[in-house]
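# What the coordinates show
What follows is the residue order along each chain.
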Amino acid sequence: EPEVTQTPSHQVTQMGQEVILRCVPISNHLYFYWYRQILGQKVEFLVSFYNNEISEKSEIFDDQFSVERPDGSNFTLKIRSTKLEDSAMYFCASSEEAGGNYEQYFGPGTRLTVT
Amino acid sequence: LAKTTQPISMDSYEGQEVNITCSHNNIATNDYITWYQQFPSQGPRFIIQGYKTKVTNEVASLFIPADRKSSTLSLPRVSLSDTAVYYCLVVPTGANNLFFGTGTRLTVIP
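On to the pairing of strand 3 (residues 31-38) of chain B, then. Residue and element names in this part refer to chain B. Within strand 3, eight of the eight residues are buried, leaving the element largely enclosed by the surrounding structure. Where burial is concerned, the two faces of strand 3 agree: the one with Asp31, Ile33, Trp35 and Gln37 and the one with Tyr32, Thr34, Tyr36 and Gln38 are both buried. Pairing analysis gives five bridges linking strand 3 to strand 4 (residues 45-50), with the strands arranged antiparallel. For Gln37, the partnering residue across the bridge sits in strand 4 and is Arg45. Where strand 3 folds back onto strand 4 in an antiparallel hairpin, the turn is made up of six residues, including Ser41, whose phi is positive at roughly 60°.

What follows is the structure, given as structure tokens:
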């Protein structure tokens, strides 16, 4: 079964540093997403991406965040200057189409620890 | 966006059928009802989705009454590996995101 992959599985960084989290969505999917989950809290939507541009973003996704699809397979999330409160699991997801009748496939996540 | 309400936690013995009910009183005509499962330190995984009546797949059944104001996820004969958090989501057609609540933490006891 095709799956979404993410690298690295765990990233430790110092406050103020830039990090790039990488994802390879399922190959025939057109919609890509990033979510995060702070330990013990809800899964929170960050951003959706379609046709090489952001479709929707949440309030969390401020100017410190950016997304990119640099080639035909990778989808990245960049945090420019990390803060302690950015420590969380970051999940990438993809879907064939958008909407409630299409499932989103989630990757295994990247655990980001900001010290 | 329709708000969902589901039990915070449930316990069940192995081999039993588990039913988790979710209420979504403000569901709109173009909303789908979707359930995801999440194991610790893993991403959510789609279980089942429906619009009305009953849907069944190899993992679960989803019962949706005619008024669609609630739905029930049914897991037949649970095992220890079904211990997870189960999320009920109401997702509009064409939506670009999923909004997860706190879910129901199901613990299966030997």
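After that view, the rundown keeps rolling.
All names here are of chain B. Spatially, four strands are ordered 2-7-6-5 in an open sheet, and the strand pairing comes out antiparallel. Edge strands, defined here as strands with exactly one partner in the open sheet, are strand 2 (18-23) and strand 5 (53-56). Ignoring which end each strand starts from, the neighbouring axes of this sheet average 15° apart. In the sheet, strand 5 pairs with strand 6 (residues 61-64) via four bridges, with the strands oriented antiparallel. Its bridge partner lying in strand 6, Thr56 is registered against Ser61.

Each disulfide consists of one covalent bond between the sulfur atoms belonging to two cysteines. Residues and elements named next belong to chain A. For the structure shown, the criterion picks out two disulfides over all chains. For Cys23, the disulfide goes to Cys92, at an S-S distance of 1.9 Å. In this structure the cystine formed by Cys23 and Cys92 twists about its S-S bond by roughly -60°; its chirality is therefore left-handed. Of this pair, Cys23 sits in strand 3 (residues 19-24) while Cys92 sits in strand 9 (residues 88-95); the two residues are 69 residues apart in sequence, bridging distant segments of the chain.

A few words now on the sheet that holds strand 3 of chain A. Residues and elements named next belong to chain A. Pairing within the open sheet is antiparallel, and its four strands lie in the order 1-3-8-7. In this open sheet, the two strands that pair with only one neighbour each are strand 1 (5-7) and strand 7 (65-68). Taking each pair of neighbouring strands and ignoring which way they run, the sheet shows an average axis angle of 20°. Here strand 1 pairs with strand 3 via three bridges, running antiparallel. Paired with Gln6 across the two strands is Cys23, which belongs to strand 3.

About the cut-offs
- Residues numbered from 1 in each chain as written.
- Chains lettered and ligands numbered in written order.
- Predicted model: local features only at pLDDT ≥ 70, side-chain atom pairs only at ≥ 80, totals over all residues.
- Heavy atoms only, no water.
- Buried < 20%, exposed > 50% of the residue type's maximum accessible area, 1.4 Å probe, protein only.
- Helix = DSSP H or I, 4+ residues; strand = E, 2+ residues; numbered from the N terminus.
- Pairing = 2+ DSSP bridges.
- Axes fitted to C-alpha atoms, helices over the stretch in contact; angles between N-to-C directions.
- Disulfide = S-S within 2.5 Å.

This is a description of form; function is not addressed.
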